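# Understanding the architecture of this molecule
Single-letter residue listing:
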Amino acid sequence: MSNLLSLQQRHRAGEKIAMLTCYDASFAARLESAGIDALLVGDSLGMVIQGQTSTLPVRLEQIVYHTAAVARGAPNTFIIADLTFGSYQTGPAQAFDAAAQLMAAGAHCIKLEGGAVMAETVHFLVSRGIPVCGHLGLLPQSVYASGGYAVQAKTRESADQLLDDALLLEQSGACMLVLEAIPALLAAQVTQRVHIPTIGIGAGNQCSGQVLVLYDMLGITPKKPPRFVRNFMHDVPNIDQAIALYIQAVRDGSFPADEHSFLKPIL
Ligand code: KIV
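Residues numbered from 1 in each chain as written. Predicted model: local features only at pLDDT ≥ 70, side-chain atom pairs only at ≥ 80, totals over all residues. Heavy atoms only, no water.

## Here's the deal with unusual backbone geometry
Applied cut-off: Secondary structure follows DSSP: runs of H or I at least 4 residues long count as helices, runs of E at least 2 residues long count as strands, and numbering of each begins at the N terminus.
Cis geometry marks the peptide bond from F255 to P256; its omega dihedral reads 0°. By secondary structure assignment, the location of P256 is in the segment after α11 (239-251). You will see that A153, though not glycine, has its phi angle at about 55°, which is positive. Summarising the element assignment, A153 is placed in the loop between α7 (143-146) and α8 (156-172). Despite not being glycine, A181 has its phi angle at roughly 50°, a positive value. The residue A181 is located in the loop between β6 (176-180) and α9 (184-193) in this model.

Encoded structure:
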């Protein structure tokens with residue numbers, strides 16, 4: 001059984017949080033049985049389920065559909081669902097309408113991408129009872145503006161900006177932050193400065209927890225996965241053992257290892 005309170009307790013106790021993306025009831029049930037701490041119905045489903053080249057074409061009603069399936073499969077696990085591109089960027093009222101649909105489908109928290117520009121929206125949602133997870137670093141919904149799927153915040157200026165964004169999102173009421181594809185050192189600094197859990201993906205092993213795209217860590221994704229992914233099926237004979245190995249490796253800090261992290265200094 002996991003919920004926001006149990007995740008906050010894990011965090012306070014210094015225990016790592018193991019999260020995976022999930023899009024359907026069968027995987028959700030297996031992940032819940034394995035003891036996963038949280039599930040993310042991510043808009044990565046656009047790429048791994050729909051075969052799109054980015055997350056931008058994913059529609060809100062598709063995340064609603066997949067969230068309902070995941071909630072049926074894992075009724076006792078904390079579920080975060082992604083607000084999709086175009087469903088929240090125009091302002092707090094639009095974001096509330098979209099978030100309400102995800103919560104009605106079974107989500108316990110919504111995730112949105114962006115820093116300072118999202119602070120007002122985060123505050124609006126949180127003060128109306130919707131837990132919000134922020135997402136900083138590589139923002140897949142802004143991939144055409146940022147120039148591709150590259151490591152972010154590699155300069156001192158951009159690293160300082162990301163740290164400021166993290167502090168502002170926390171101050172606005174975010175309950176958690178996903179940090180994607182940033183230097184491990186910066187993720188460690190953010191994790192030390194904020195009081196809410198940081199969940200890394202390509203952000204080194206000093207974060208409060210980790211998330212991976214389920215299909216990447218099971219080696220199902222047809223394309224070459226990003227460098228920060230470990231294929232957990234390499235070491236064990238079946239999916240259940242791969243999931244158990246992932247949870248154990250996150251909890252004991254052995255994943256991500258150096259080879260999955262960006263260790264170069266910030267310039
Ligand atoms: O959509 C997604 O799966 C995500 C993760 C990559 C963090 O946002």
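## Here's the deal with the nonpolar core
So the rule is basically this: By nonpolar core is meant a set of buried Ala, Val, Leu, Ile, Met, Phe, Trp, Tyr and Cys residues that side-chain atoms within 4.5 Å join together. Classification of residues uses two cut-offs on accessible area relative to the type maximum, computed with a 1.4 Å probe and protein chains only: under 20% is buried, over 50% is exposed, and between them is partly exposed.
L212 and Y246 are the most contacted members of the largest nonpolar core, which has 87 residues in total. Considering every element that reaches this core, the biggest residue donor is α11, with seven residues.

## A short note on the site of the ligand
In plain terms, the rule: Proximity is defined per residue: if any heavy atom of the residue lies within 4 Å of a molecule or strand, that residue is considered near it. Counted as a polar contact is a pair of N or O atoms within 3.5 Å, where, for protein atoms, one must be capable of donating a hydrogen and the other of accepting one, and residues adjacent in sequence contribute only when both atoms are in side chains. To be clear on the numbers: accessible area is Shrake-Rupley with a 1.4 Å probe, and residue cover counts the displayed protein chains and nothing else.
All residues adjacent to the ligand are T21, L40, G42, D43, S44, D82, K111, H135, V178, E180, I201 and V211. Between the ligand and S44 there is a distance of 2.5 Å, counted from an oxygen atom to a side-chain nitrogen or oxygen. Interatomic distance of 3.1 Å between a side-chain N/O atom of D82 and an oxygen atom of the ligand. The protein chains hide 96% of the 260 Å² of surface that the ligand would expose on its own.

## Description of the pattern of salt bridges
Our working definition: The salt bridge definition used is simple: a Lys or Arg side-chain nitrogen within 4 Å of an Asp or Glu carboxyl oxygen.
Evaluation of the coordinates by the stated rule reveals seven salt bridges. Between D37 and R251 there is a salt bridge; the shortest N-O distance is 2.8 Å. Taken together, the positions of D37 in the loop between α2 (25-34) and β2 (38-41) and R251 in helix α11 put the pair 214 residues apart, joining distant regions of the chain. In this structure, D160 engages R156 in a salt bridge whose closest nitrogen and oxygen atoms are separated by 3.0 Å. Within this pair, D160 and its partner R156 are both found in helix α8, separated by four residues, close to a single helical turn. Among the residues examined, R156 registers a relative accessible area of 35% and is labelled partly exposed. Taken together, the shared-partner salt bridges in this structure form one network comprising R10, E15, D37 and R251.

## Re the packing of aromatic side chains
Quick note on the threshold: Only the six-membered ring of Trp is used, alongside the rings of Phe and Tyr, when aromatic pairs are assigned; centres must lie within 6.5 Å, and planes under 30 degrees apart are stacked while those over 60 apart are edge-to-face, with the rest tilted.
Going through the model one piece at a time under the given rule, you end up with six aromatic pairs. Taking the centre distance of 5.8 Å and the plane angle of 80° together, the rings of Y23 and Y215 count as edge-to-face. Within this pair, whereas Y23 is found in the loop between β1 (17-21) and α2, its partner Y215 is found in helix α10 (residues 214-217), the two being separated by 192 residues in sequence. Here Y23 and Y215 have matching classes, each one buried. Each member of the aromatic cluster is reached from another via a ring pair, and the members are Y23, F27 and Y215.

## Here we look at the pairing of strand β5 (residues 132-137)
Applicable threshold: Criterion used throughout: strands pair if DSSP finds at least two bridges between them. Whether a crossover is right-handed depends on one test, that the path from the first strand over the helix to the second runs clockwise when the strands point away from the viewer.
β5 sits mainly inside the fold: six of its six residues count as buried. Inspection of the sheet shows strand β4 (residues 109-111) paired to β5 by two bridges, in the parallel sense. Paired with I110 across the two strands is V132, which belongs to β5. For the segment spanning β4, helix α6 (residues 119-126) and β5, crossover handedness is right-handed. Relative to β6, β5 is paired through five bridges, and the arrangement is parallel. Each residue of the ladder has a partner; that of G137, found in β6, is E180.

## Side note on the sheet that holds strand β8 (residues 209-212)
Filter applied, for reference: In this analysis, axes come from line fits to C-alpha atoms, helices being fitted only over the stretch in contact, and the angle between any two N-to-C directions falls in the range 0 to 180 degrees.
Taken in spatial order, the eight strands line up as β1-β2-β3-β4-β5-β6-β7-β8 and close into a barrel, and their pairing is parallel. Looking at each pair of strands side by side, their axes are set apart by 25° on average, direction ignored.

## Overview of the state of the cysteines
Filter applied, for reference: Disulfides are defined as cysteine sulfur pairs within 2.5 Å.
Applying the stated criterion to the full structure yields zero disulfides. Unpaired in terms of disulfides, C175 finds its nearest cysteine sulfur in C109, a separation of 3.9 Å. Taking the relative accessible area as the measure of exposure, C175 reaches 9% and is therefore buried. Lacking any disulfide linkage, C207 is separated from the closest cysteine sulfur, that of C133, by 12 Å. Using a relative accessible area of 2% as the deciding quantity, one classes C207 as buried.

So yeah, pure geometry; function would need other evidence.
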